[in-house]
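As a plain string of letters, each chain reads:
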Amino acid sequence: MKKLLLILPFLLVGAVIIMADDDDEHGHHGFNKLGDVAVANNTVYQKECGSCHFAYQPGLLPKRSWNKMMNELDNHFGDDASLDPKTTNYLKNYLIQNSSDNSLEYKRSKKITSSIASNQVPLRITKTPYFIHKHNEIPKKMITQKDVGNIGNCVACHTTADKGIYSERDIKIPNYGGWDD
Ligand code: HEC
Ligand code: HEC
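Residues numbered from 1 in each chain as written. Chains lettered and ligands numbered in written order. Predicted model: local features only at pLDDT ≥ 70, side-chain atom pairs only at ≥ 80, totals over all residues. Heavy atoms only, no water.

By the naming in an unreviewed UniProt entry, the chain is Diheme cytochrome c, taken from Sulfurovum sp. enrichment culture clone C5.

Rendered as structure tokens:
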């Protein structure tokens, strides 16, 4: 009994995450004026954070994640992505102002935010519970193939990722096509 009481909160959290997802199917047909996340239309950001990979929208991670990432750019996933202090500070502010927890009017920003436990500071979008939940049914071979490489390569599959739109009908997995589940 004691054991059951201990795992009960986790079961409940799981159930809430699954239920919160229910409205997703309607979004595709409805008129979604705002898009899934806000577009990253800052030219400094596009230039400095879009040179090695897709310029991930700030609304894909909470402020505490961006804050931590921008404080350790010299060791950025094994790369040195450091910038001069002025640019670092400018981009840190931009990321924080537009972070997922400051963009709750955007559907996916809201879902990402609420999926992360308050004591967690994920540095990868791809390690957030909401992201994992949305991508865990994709066969490995579709991800590791040459034309995609890894799951962080959003633009390989989401043809409208740069517009902040990640809806199912705009997915085209290279060499496999659309996604219909
Ligand atoms: C010198 C190249 C380089 C630059 C410049 C760079 N990054 Fe990265 N970034 C990487 C590498 C390498 C990874 C890890 C790729 C992998 O292993 O999946 C990464 C991963 C990330 C991830 C995690 C993606 C995931 O898996 O969810 C985020 C978020 C990110 N970078 C944000 C930024 C931001 C913000 C900036 C600008 C301040 C930036 N990057 C600039 C090389 C770079
Ligand atoms: C290998 C292809 C692939 C890559 C790479 C990929 N995705 Fe996805 N993504 C999918 C598929 C397929 C779905 C649909 C899953 C479902 O609804 O069953 C999806 C769903 C989503 C959703 C939910 C959309 C909805 O309507 O439910 C979001 C948001 C999303 N992806 C964001 C991202 C981001 C951000 C990245 C990069 C960090 C990324 N994806 C990388 C294939 C991919």
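Could you give an account of the coordination of the iron atom of ligand 2, with specific residues and numbers?
The iron atom of ligand 2 binds to the protein through His135 (NE2) and His158 (NE2), with metal-donor distances spanning 2.0 Å. Classification of the site at the iron atom of ligand 2 as octahedral follows from its six donor atoms and the range of 88 to 179° in their angles at the metal. Linking His135 in helix H7 (residues 129–135) with His158 in the segment after helix H9 (154–157), this pair joins segments that are 23 residues apart in sequence. The same class applies to His135 as to His158, namely buried. (Donors = N, O, S within 2.8 Å, 3.2 Å for Na, K, Ca; no water. Tetrahedral: all angles 85-135°; square planar, octahedral: opposite > 155°, others 65-115°. Helix = DSSP H or I, 4+ residues; strand = E, 2+ residues; numbered from the N terminus. Buried < 20%, exposed > 50% of the residue type's maximum accessible area, 1.4 Å probe, protein only.)

I'd like to hear about the side chain of Asp36, residue by residue, with values.
Among the structural elements, Asp36 can be located in the loop between helix H2 (24–27) and helix H3 (43–49). Judged by its relative accessible area of 3%, Asp36 falls in the buried class. Among the polar contacts made by the side chain of Asp36, one reaches the side chain of Arg108 at a distance of 3.0 Å. Look past the residues within four positions of Asp36 in its chain and what remains in contact with it is Tyr106, Lys107, Arg108, Ser109, Gly164, Ile165, Tyr166 and Ser167. (Polar contact = N/O pair within 3.5 Å; in protein donor to acceptor, adjacent residues only side chain to side chain. Contact = heavy atoms within 4.5 Å.)

Just give me the short version of the site of ligand 2, but keep the residues and values in it.
The full set close to ligand 2 counts 23 residues, and His135, Cys154, Cys157, His158 and Asp181 are the nearest of them. Taking His158, its side chain carries an N or O atom lying 2.8 Å from a nitrogen atom of ligand 2. Trp179 has a polar side-chain atom sitting 3.1 Å from an oxygen atom of ligand 2. For the shell around ligand 2, the elements supplying multiple residues, two or more each, are H7 and H9. (Near = heavy atom within 4 Å.)

Describe the site of ligand 1, listing the residues and the values that go with them.
Taken together, 19 residues are adjacent to ligand 1, and Cys49, Cys52, His53, His76 and Ile125 come closest. A distance of 2.8 Å separates a nitrogen atom of ligand 1 from a polar side-chain atom of His76. Within the backbone of Ile125, one N or O atom sits 2.8 Å away from an oxygen atom of ligand 1. For the shell around ligand 1, the per-class residue count stands at twelve nonpolar, four polar and three charged. (Nonpolar A, V, L, I, M, F, W, Y, C, P; charged D, E, K, R; others polar.)

Tell me about the coordination of the iron atom of ligand 1, residues and numbers included.
Around the iron atom of ligand 1, the protein contributes the donor atoms His53 (NE2) and His76 (NE2), at 2.0 Å from the metal centre. Between the six donor atoms coordinating the iron atom of ligand 1, the angles at the centre fall across 88 to 179°, so the site counts as octahedral. Here the residue His53 occupies a position in the loop between H3 and helix H4 (63–71), and His76 occupies one in the loop between H4 and helix H5 (85–97), the gap between them amounting to 23 residues.

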